[in-house]
Amino acid sequence: MKIIIIGCGKVGSALAEELTMENHEVAIVDISAQKLQEVGEDLDALQIQGNGSSINVLMDAGVISADLVIAVTGSDELNLLCCLVAKNLGKCHTVARVRNPIYNKEINLMKESLGISMIINPEMATAAEIARLLRFPSAIKIDPFAKGKVELLKFRLKPEFRLDGKSIVEINMKGKHNILVAGVERGEQVFIPNGDFVLQNSDLVSILASPKNASAFFKSIGLKTNQVRNCMIVGGGTIAIFLARMLLEMKMRVVIIEQSKERCELLADLLPDATVVNGDGTSKNLLFEENLENAEAFVALTNMDEENILLGMFAERMSHAKVVTKVNRVAFDDITDELELGSLIHPKYITTDRILQYTRATQNSIGSNVETLYHILDGKAEALEFVIRENSSVVGVELKDLRLKNNLLVGCINRSGKVLIPRGDDCLMVGDTVVVVTSQKCLRDIEDILEK
Amino acid sequence: MNYRIITYVIGWVLNLEAICMTLPAVTGLIYGEKTWTSFLITGLISALAGTLLVVRRPEKPHFFMKEGCVSVALSWIALSLIGSLPFMISGTIPHFVDALFETVSGFTTTGASIMASVEDAPRCILMWRSFTHWIGGMGVLVLLLSIIKMSGGSQMNLMKAESPGPSVSRLAPTVRSTAKILYTIYLLMTVLETVILLLCGMPVFDALTTAFGTAGTGGFGIKNDSMGGYSVTIQIVVTVFMILFGINFNVYFLLLSKKWKQALKNEEVRWYLAIILGAVLLIGWNIRGVYGSMGKAIQQAAFQVASIITTTGFATVDFNIWPEVSRTILVLLMFVGACAGSTGGGIKVSRFIILLKAMKKEIKQYLHPRQIRKIRVDGRVVEHEVVRNVNVFMVVYIMIFATSVFILAFDNLDLITNFTAVAATFNNIGPGLELVGPTANFNVFSDVGKYVLIFDMLAGRLEIFPLLLVFFPDTWRKF
């Protein structure tokens, strides 16, 4: 596929990297030559310096034959304009990042009248992700598949679960739980486990299951699963506003601590049902005064990664709250992953994930295609959701007879509304939605799961 | 909410109350009254409950505004409940509501009584009644703070919640020494008054109870005619001391530390004295016919004005029979109240100063709509938070007042009685007009009415918000 990315910032460069690895032809446009230089030689992509909304620049980038234009510059209006111009020049799909909450209500209108295929709001996407975590606080990360019927849930194995030294077969045999262990992270290593795989304490385990089965499983191993009823948010940025709105809709009590008085006035104006507190969120006294100890959820959303990490660790120690920590910089994830920070949220990842998902979905318009895609296991593996639309070589064959690639797992099958965790004698059928977990990247079609 | 620390504070308050019980008990022993045992029993109960609550120090030291307010409010309620036991055990006031009313009236320094004839009561009971004034006047938690050591931030929050007035100032670097200074001044002035009263020929028992009643600006008398039976000299001494105890104690501290200028410049005290002077002259002129001579009239007027504005509530004459102008002035003075930081109740002079200045500011805002103007008291800018608090206080005050009058209306008494009964209890004064006038008592109300007045007395003493907090559901929520 030919893809033009406009804007070479954090998200733009990450996208370019991912997409080139998937063997797409990528052109990246940015107004600053310096930024292009920074991504420089590492990136196997056409680099064009100029304003992405200019026809000349877009022509240079090859807009006529492009399949997809992704506009992720710092300016919402520029992104929209780029997409508008590109759409009129070629026959491409367009993706724009629009983050200003003012446009929020008009997103559908914009999509229709400007002919933009997808509009992504990173803050809103991040907030939605956090809200999902709070709905199911036992998990560190939750990715929904099949419109939420199946979820991929990540949790840390603690000694009290008594799963240390047990193999996956044993766990499945003993509990008769309808779940699938889809991936295990142990330190730096990532495993897509088979039945003999033995779990250890402090492994990060990802399971695939329907929400109901997941609850039952967590309950049986002694992990709390009740939905949180209140939430303390430190930092009153845009994500906080979106998040607070979602949580308030879920009838949670929300306390937002924000340092700037002016910002607090705005928050109090926008969120009449939330308790807005003006003060330094890193003040221990203030946190206690606002009852951190009894909070059921704590979300650190300040602009400083360092502050968020400290706050996350503090909340994890001082309370039984479900802790969510936002970290913008991903570079130190080796270290941050080792800390007790609850759930880590990288807004950048969320944005790129959503756009990649869309890219793959548009890529295959025939046959089976990718419905959803998540980077899991720290970006080292992917979970993909395929829809089987017509006959192919995988259909009708028992799974144990399929020659699957290494490090690949058929996670679950959603057949006419029912979720199956497949065993060896199950087979795929037309109309199924299949979730595949793999460390092999670049799967595009359901047939790619087979060894060639 | 840190419940443990709240019960811990209440525990100490109960221990303190147990200690305070020794004074009436000793009084009873001296006068050979059998009723002294009721104080022994109550003291033991109080000490037992208190000790149980304080044996274990709370693990978490967190003590914030909400814990401060809730501890103060609950402490006062616990204090009153235990304090009412001697009345019931001794059989002086057998009915629970009445005993509670009497105790709350004592601790909140109201001085409204339901006893028809105090002279019949045992002396130890009378001593306890008057002593509750003294304890409640400066505040039991302030006393606590000066004695026991609490962790850092907690102290100021307790002090803020209990001390009257729109804002609390520190006299010394630490809260503990501030509390000590306040209590030292309080104690010295009480001793001084007792000595002077003794020199004026008052019996020891009368001098002590009167001094307690004046110091706390309470107003429980030990005679059926309150102060009417004492000599003119004694009445003048009491007048002077009532006015003195209505002054902001910060001024005394400034005087003690020899900052004369600063002390004399205190805006609130100047206003307070000016209001007293004005009221005395007006009433004196108005009642000159009743007492024959202008001098006698002025002396009576001064006693009554001082008694009402400081919210003490002693009486020398039945001002209920005074002309309408005088009665009206006295009712208006009920609302003014004493200075902030004194032992008196009411809305407080300083709040009125702030309100008047806010009014002036608002009017000026019409002349210069874009003007930025700050409200100043004593030359210092009053923070917006304080002004806002005063405004809201006034509104809530009026709402509670109106609601109370409305509920009392069901007792089918006249409006003046109801209105002044609420004014006299909410402002911690004591006697009102008509059926609750200086020679009457509060037994005319039904039990419901008495509970309403009990609430008003506590709300008035704690300046509304700490008590309201206890009834606010969010206070008790875990998060």
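Because the structure is a prediction, the values reported are computed rather than measured.

A. The environment of Leu126 of chain B, seen in detail. Residue and element names in this part refer to chain B. Among the structural elements, Leu126 can be located in helix 7 (residues 123–138). Assessed through the 23 C-beta atoms surrounding it within 10 Å, Leu126 is described here as buried. As a C-alpha pair, Leu126 and Leu23 span 103 residues in sequence and 11 Å in three-dimensional space. Ignoring sequence-local partners within four residues, the contact set of Leu126 consists of Val118, Ala121, Thr209 and Ile222.

B. Structural detail: the domain arrangement of chain A. Partitioning chain A into structural domains gives domain 1 (2–120), domain 2 (127–221), domain 3 (230–320) and domain 4 (364–449). Domain 3 of chain A and domain 4 of chain A are separated by 40 Å when their C-alpha centres are compared.

C. Examining the pairing of strand 22 (residues 433–438) of chain A more closely. All names here are of chain A. With six of its six residues buried, strand 22 lies for the most part within the structure. Burial of the side chains of strand 22 extends over both faces: Thr433, Val435 and Val437 are buried on one face and Val434, Val436 and Thr438 on the other. Here six bridges tie strand 19 (residues 381–387) to strand 22, and the two strands are oriented antiparallel to one another. Bridge assignment links Ala383 to a residue of strand 22, and that residue is Val437. Where strand 20 (residues 408–415) meets strand 22, six bridges bridge the pair, whose relative direction is antiparallel. Of the residues in strand 22, the one forming a bridge with Cys412 is Val435.

D. Up close: the sheet that holds strand 10 (residues 189–191) of chain A. Residue and element names in this part refer to chain A. One open sheet accounts for five strands, arranged 7-8-11-9-10; its pairing is antiparallel. A single partner strand is all that each edge strand has here, and the edge strands are strand 7 (141–145) and strand 10. Across this sheet, the average inter-strand angle for adjacent strands is 15 degrees, counted without regard to direction. Note: strand 7 against strand 8 (residues 150–156), five bridges, orientation antiparallel. Paired with Lys141 across the bridge in strand 8 is Lys154. Against the sheet, helix 8 (residues 211–221) engages strand 8 and strand 11 (204–209), with an angle of about 135 degrees to strand 11.

E. Local environment of the UniProt feature "domain: RCK N-terminal" (unreviewed entry) in chain A. Residues and elements named next belong to chain A. In this numbering, the UniProt entry assigns the feature "domain: RCK N-terminal" (unreviewed entry) to residues 1–120 and 228–356. For residues 1–120, helix accounts for 40% and strand for 22%, while the C-alpha atoms at its two ends are 21 Å apart. Helix makes up 45% of residues 228–356 and strand 21%, whereas the separation of the span's terminal C-alpha atoms amounts to 31 Å.

F. Molecular detail of the nonpolar core. Formed by 138 residues in total, the largest nonpolar core has its most connected members in Val13, Val305 and Leu333 of chain B. For this core, the element with the most residues is helix 1 (residues 3–20) of chain B, which contributes 11 residues. Setting aside residues up to four positions removed in sequence, Val305 of chain B forms contacts with Ile276, Ala279, Val280, Ile283 and Leu333 of chain B. Residues Leu19, Ile207, Leu267 and Leu341 of chain A belong to the second largest nonpolar core, which totals 136 residues.

G. Representation of the interface of chain A and chain B in the model. Every contact between the two is made by eight residues of chain A and, on the other side, four residues of chain B. Considering only residue class, the side of chain A that touches chain B consists of two nonpolar, three polar and three charged.

H. Region of the structure containing unusual backbone geometry. Residue and element names in this part refer to chain B. For Thr109, which is not glycine, the phi torsion reads 60 degrees and is therefore positive. As for its position among the elements, Thr109 is in the loop between helix 6 (96–107) and helix 7. Classification of Thr109 by C-beta neighbours within 10 Å gives buried; the count is 35. Here Asn412, not a glycine, exhibits a phi torsion of approximately 65 degrees, which is positive. Mapped onto the fold, Asn412 is located in the loop between helix 19 (384–409) and helix 20 (415–426).

I. The arrangement of the sheet that holds strand 15 (residues 297–300) of chain A in detail. Residue and element names in this part refer to chain A. Taken in spatial order, the six strands make up an open sheet running 14-13-12-15-16-17, and their pairing is parallel. What marks the edges here is a single partner per strand, and that holds for strand 14 (275–278) and strand 17 (343–345). Neighbouring strand axes in the sheet, compared pairwise and without regard to direction, differ in orientation by 15 degrees on average. Summarising the sheet, strand 12 (residues 230–234) and strand 15 pair through three bridges and their orientation is parallel. Of the residues in strand 15, the one forming a bridge with Ile233 is Val299. Lying on the sheet, helix 9 (residues 238–249) is in contact with strand 12, strand 13 (253–258) and strand 15; it crosses strand 13 at an angle near 165 degrees. Packing of helix 10 (residues 261–270) onto the sheet brings it into contact with strand 13 and strand 14, and relative to strand 14 it is tilted by some 175 degrees.

J. Just the UniProt feature "binding site: K(+)" (unreviewed entry) in chain B, in detail. Residue and element names in this part refer to chain B. Feature annotation in UniProt places "binding site: K(+)" (unreviewed entry) on Thr109, Thr110, Gly218, Thr311, Thr312 and Asn428, given in this structure's numbering. Spanning 320 residues, the annotated positions come together in the fold, the maximum distance between their C-alpha atoms being 8.1 Å. Setting aside residues no more than four positions away along its own chain, Thr109 makes contact with His133, Gly136, Gly137, Gly216, Thr217, Gly218, Thr343, Gly345, Asn428 and Arg461. Positionally, Gly218 belongs in the loop between helix 11 (204–215) and helix 12 (232–245). Setting aside chain neighbours within four positions, we find Gly218 in contact with Gly106, Thr109, Gly111, His133, Gly137, Gly213 and Thr312.

K. Molecular detail of the pairing of strand 12 of chain A. Residue and element names in this part refer to chain A. Of all five residues in strand 12, five are buried; the element is thus mostly enclosed. Here strand 12 shows two buried faces, one formed by Asn230, Met232 and Val234 and the other by Cys231 and Ile233. The sheet contact formed by strand 12 and strand 13 spans five bridges and is parallel. The residue of strand 13 that forms the bridge with Cys231 is Val254. Handedness of the strand 12-helix 9-strand 13 crossover: right-handed.

L. Structural context of the packing of helix 10 (residues 175–199) of chain B against helix 13 (residues 249–256) of chain B. All names here are of chain B. Packing of helix 10 against helix 13 leaves a shortest axis separation of 10 Å and a crossing angle of 90 degrees. Of the possible angle classes, the one that applies to helix 10 and helix 13 is roughly perpendicular. In contact with Ile181, Leu182 and Ile185 of helix 10, helix 13 contributes Phe249, Tyr252 and Phe253. Split into classes, the residues belonging to the contact of helix 10 with helix 13 amount to six nonpolar, no polar and no charged.

M. A look at helix 3 (residues 36–54) of chain B. Residues and elements named next belong to chain B. Its 19 residues give helix 3 an end-to-end C-alpha distance of 27 Å, which sits within 8% of 27 Å, the value for a rise of 1.5 Å per residue. All buried positions along helix 3 are accounted for by Trp36, Ser38, Phe39, Thr42, Gly43, Ser46, Gly50 and Leu53. Down the axis of helix 3, the buried side of the element spans an arc of 140 degrees, and every buried residue falls inside it. Within helix 3, the exposed residues directed more than 90 degrees away from the buried face are Leu44 and Leu52. Contacts made by the buried residues of helix 3 are with helix 1, helix 2 (22–30), helix 4 (65–83), helix 5 (85–90) and helix 7.

The rules behind these values
Residues numbered from 1 in each chain as written. Chains lettered and ligands numbered in written order. Predicted model: local features only at pLDDT ≥ 70, side-chain atom pairs only at ≥ 80, totals over all residues. Helix = DSSP H or I, 4+ residues; strand = E, 2+ residues; numbered from the N terminus. Buried ≥ 20, exposed ≤ 12 C-beta atoms within 10 Å, placed from the backbone. Contact = placed C-beta atoms within 7 Å. Domains from an automatic or database assignment. Pairing = 2+ DSSP bridges. Axes fitted to C-alpha atoms, helices over the stretch in contact; angles between N-to-C directions. UniProt positions renumbered as here; feature names shortened; annotations may be inferred. Core = buried A, V, L, I, M, F, W, Y, C linked by C-beta atoms within 7 Å. Nonpolar A, V, L, I, M, F, W, Y, C, P; charged D, E, K, R; others polar. Right-handed = clockwise from strand over helix to strand, strands pointing away. Parallel < 35°, antiparallel > 145°, perpendicular 65-115°, else oblique. Expected span 1.5 Å × (residues − 1). Arc of directions from axis to C-beta.

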